[in-house]
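# Reading the structure
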Amino acid sequence: MIIFLLFFCSIFFVTLGYGLLVKKIILNEVLSNSLDIGETGIIGFYFLLVVSLFFHFFISLNQYLVLSVYIFGFIAFFFNIKNLNFLIKKRYYLLIIFLILPGLISIKGHPDFEWYYLPYINYLRDYKIVFGLANLNDYLGFGQTWIDLLAILRIPSLGMKGSNIIPVVFSIFFLFALFELISK
């Protein structure tokens, strides 16, 4: 349980780190100040999706790339942590996390995960892009972007046991953004 809690926190901090990096470098000063923590996390997820799709053209999404993505995400988070002063102001952030966290304990994977998602994730981990791969299996022609995010955020020692945590972190960021929009 402690490992999954640490994995949850690492996904949270890494995606938030990339979101803060995108806010600082790409977005202008006016727009970046109006974004809250939920929107920053969602931007981090989208940036990681672009990174995953870009690198998959050239190399496989192996453990070295995944670990370098994590290390760079943690570095980006801790160098931009001063921009997170708005995190302490909102008390309902902790309420949302504590309401969702017990569901994370009993979360069960999709029943077809081993048949549909896992082969594609293993393909992403083992090979760079292969044109014509959909001729071998029809499902490989209809990939989802979640699978690319699962592949780039998968810790090698955990395997696929923590794959359900990544969408939960995305939904927490979505709820943060939703509550911020409602409160405005």
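Structure report, in brief. (Residues numbered from 1 in each chain as written. Predicted model: local features only at pLDDT ≥ 70, side-chain atom pairs only at ≥ 80, totals over all residues. Heavy atoms only, no water.)

## Digging into helix α4 (residues 63-79)
The end-to-end C-alpha distance of α4 is 24 Å, a good match for the 24 Å that 17 residues give at a rise of 1.5 Å each. For α4, the complete set of buried residues consists of L65, V66, V69, Y70, G73, A76 and F77. Viewed end-on, α4 has its buried residues packed into an arc of 140°, placing them on one side of the element. Of the residues in α4, the exposed ones pointing more than 90 degrees away from the buried face are Y64, I71, F78 and F79. In the core, the buried residues of α4 are packed alongside α1 (2-25), α3 (37-56) and α8 (145-152). (Helix = DSSP H or I, 4+ residues; strand = E, 2+ residues; numbered from the N terminus. Expected span 1.5 Å × (residues − 1). Buried < 20%, exposed > 50% of the residue type's maximum accessible area, 1.4 Å probe, protein only. Arc of directions from axis to C-beta. Contact = heavy atoms within 4.5 Å.)

## Concerning the side chain of T15
You can see T15 is positioned in helix α1. At 3.2 Å, the side chain of T15 and the backbone oxygen of F12 are in polar contact. Residues within four places of T15 in sequence aside, it is in contact with T40, G41, G44, F45, L48, L153, V169 and F173. (Polar contact = N/O pair within 3.5 Å; in protein donor to acceptor, adjacent residues only side chain to side chain.)

## Let's talk about the environment of D36
One can find D36 in the loop between α2 (29-34) and α3. Sequence separation between D36 and F173 is 137 residues; the distance between their C-alpha atoms is 9.7 Å.

## Describing the nonpolar core
Residues I11, F12, F45, L153, V169, F173 and F176 are the most contacted members of the largest nonpolar core, which totals 42 residues. Residue assignment for this core shows that the elements contributing at least two residues are α1, α3, α4, α6 (92-105), α7 (113-126), α8 and α9 (165-183). If we ignore the near neighbours within four places in the chain, the residues touching F173 are F12, T15, L16, I37, G38, G41, I42 and F45. (Core = buried A, V, L, I, M, F, W, Y, C linked by side-chain atoms within 4.5 Å.)

## Considerations on the packing of aromatic side chains
One pass over the full model with this rule turns up 14 aromatic pairs. Ring centres of F45 and F173 lie 6.2 Å apart, and the angle between their planes is 70°; on these two criteria the pair is classed as edge-to-face. Here F45, found in helix α3, pairs with F173, found in helix α9; they are 128 residues apart in sequence, far enough to count as distant. Comparing F45 with F173 shows no difference in burial state: the two are buried. Between the aromatic rings of F173 and F176, the centroid separation amounts to 6.5 Å while the plane-to-plane angle is 75°, which identifies the pairing as edge-to-face. Here F173 and its partner F176 are both found in helix α9, three residues apart, which amounts to about one turn of the helix. Comparing F173 with F176, the two get one shared label, buried. Through a chain of ring-to-ring contacts, three or more aromatic side chains come together here, namely F8, F12, F13, F45, F74, F77, F78, F170, F173 and F176. (Phe/Tyr/Trp six-rings, centres within 6.5 Å; stacked < 30°, edge-to-face > 60°.)

## Structural notes on the side chain of S52
Take S52: it is sitting in helix α3. If we ignore the near neighbours within four places in the chain, the residues touching S52 are L61, D148 and I152.

All quantities given are derived from atomic positions and should not be read as evidence of function.
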